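Per-entry structural report
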Amino acid sequence: ICPRKFCTNKSSRFEFVEAELINGLKKWLRQHHAQWGNYPLPESNNTIYTIKQKAFENLKKELKEVALQKDRLHDFFEKQIYDQKTYEERLKTLTERIQKIVVNIEEIQSFLSEQKNQEEEEKKTWPAVTQLLEIYAALTDPVLKNQMLKAVLGHATYRKEKNQHGNDFILILY
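In short, a report on the structure.

**Some thoughts on the overall build of the protein chain**
Looking only at helices and strands, the protein chain has 4 helices and 2 strands in total. For the protein chain, the sequential pattern of α-helices and β-strands runs α-α-α-α-β-β. In terms of its C-alpha atoms, the protein chain occupies a principal-axis envelope of roughly 85 × 45 × 25 Å. Across the 174 residues that make up the protein chain, the buried fraction comes to 22%. Residue pairs in contact within the protein chain that sit at least 24 positions apart in sequence constitute 67% of those at least 6 positions apart. Here the protein chain has roughly 12900 Å² of accessible surface; of this, 53% comes from carbon and sulfur atoms. Averaging the positions of the 28 positive and the 25 negative side-chain charges in the protein chain gives two centres separated by 6 Å.

**Here we look at the packing of helix H2 (residues 47-78) against helix H3 (residues 84-135)**
Where H2 contacts H3, the two axes come as close as 9 Å, and the packing angle between them is 160 degrees. The angle between the axes of H2 and H3 places the two elements in the roughly antiparallel class. The interaxial crossing formed by H2 with H3 has left-handed handedness. Here the contact of H2 with H3 is composed, by residue class, of 20 nonpolar, 8 polar and 7 charged.

**Considering the pattern of salt bridges**
Tallied over the entire structure, the rule returns 5 salt bridges. Among the salt bridges present, the one from lysine 60 reaches glutamate 57, with a minimum N-O distance of 3.9 Å. Of this pair, lysine 60 and glutamate 57 both sit in helix H2, separated by 3 residues, roughly a single helical turn. What makes lysine 60 partly exposed here is its relative accessible area of 36%. Glutamate 57 sits in the partly exposed class, given a relative accessible area of 37%. Between glutamate 161 and arginine 159 there is a salt bridge; the shortest N-O distance is 3.1 Å.

**Description of the packing of aromatic side chains**
The tally for this structure, following the rule as stated, stands at 3 aromatic pairs. Judged by centre distance (5.4 Å) and plane angle (75 degrees), the rings of phenylalanine 76 and tyrosine 82 are edge-to-face. Over the aromatic face of phenylalanine 111 sits the side chain of lysine 52, whose NZ or CZ is 5.0 Å from the ring centroid. Sitting over the ring of tyrosine 136, lysine 145 keeps its end group 4.9 Å from the ring centre.

**Let's talk about the environment of glutamine 80**
Tracing the backbone shows glutamine 80 in the loop between H2 and H3. For glutamine 80, a relative accessible area of 69% puts it in the exposed group. Along the sequence, glutamine 80 and lysine 123 sit 43 residues apart, while their C-alpha atoms lie 60 Å from each other.

**Quick look at helix H4 (residues 142-152)**
Inspection of H4 places Lys145, Met148, Leu149 and Val152 among the buried residues, and these make up the whole buried set. All buried residues of H4 fall inside an arc of 100 degrees around its axis, so they share one side. Turned more than 90 degrees from where H4 packs its buried face, Val143, Lys150 and Ala151 sit exposed.

**Observations regarding the nonpolar core**
Counting 16 residues, the largest nonpolar core has Leu25, Val129, Leu132, Leu133, Leu149 and Val152 as its most contacted members. For this core, the secondary-structure elements that each account for two or more residues are helix H1 (14-36), H3 and H4. Residue contacts for leucine 149: discarding those within four places in its chain leaves Leu21, Leu25, Leu132 and Tyr136. Counting 12 residues, the second-largest nonpolar core is a separate cluster that includes Leu59, Tyr87, Ile98 and Ile105.

Rules and cut-offs
Residues numbered from 1 in each chain as written. Predicted model: local features only at pLDDT ≥ 70, side-chain atom pairs only at ≥ 80, totals over all residues. Heavy atoms only, no water. Helix = DSSP H or I, 4+ residues; strand = E, 2+ residues; numbered from the N terminus. Buried < 20%, exposed > 50% of the residue type's maximum accessible area, 1.4 Å probe, protein only. Contact = heavy atoms within 4.5 Å. Areas by Shrake-Rupley, 256 points an atom, 1.4 Å probe, with all protein chains shown as cover. Lys, Arg positive; Asp, Glu negative; His and termini not counted. Charge placed at Lys NZ, Arg CZ, Asp CG, Glu CD. Axes fitted to C-alpha atoms, helices over the stretch in contact; angles between N-to-C directions. Parallel < 35°, antiparallel > 145°, perpendicular 65-115°, else oblique. Left-handed = near helix turned anticlockwise from the far one by under 90°. Nonpolar A, V, L, I, M, F, W, Y, C, P; charged D, E, K, R; others polar. Salt bridge = Lys/Arg side-chain N within 4 Å of Asp/Glu carboxyl O. Phe/Tyr/Trp six-rings, centres within 6.5 Å; stacked < 30°, edge-to-face > 60°. Lys NZ or Arg CZ within 6 Å of the ring centre and 35° of its normal. Arc of directions from axis to C-beta. Core = buried A, V, L, I, M, F, W, Y, C linked by side-chain atoms within 4.5 Å.

Here it is as structure tokens:
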């Protein structure tokens, strides 16, 4: 229901929207069941996650190597192998490399953390969606139905254009 008086969004019968919502949840569950089987796959099977994880490990190694180079640079300066100008140039170059590596490590760490959190949320949501789909049809209390849907959905977006009729509409679940 649109709260504005002259809303351009068309309405649909509640039964159509409810059925599409349940079908969307079933589709989500089938996709994840096909992906995970009965148990979620470990993160190492996720290609992008694995690549980022290896890049993270490589960056940590590179950071140690560059820090070691910086330490040796100080030794070369103290032993007067490098003059002041060479020392400062090398120090600036190594400091910039360290800063870039640290930024890359933080970005990858953030990505890995987000992926882990998303996977954990999906692991929590999966049993709730399964339970909802098993008992939803038997429920008669609309308040309970609404509470259960809110427990597994962030929100849903409904759109129906003027040229669409009946159960022809767009419903996006989040």
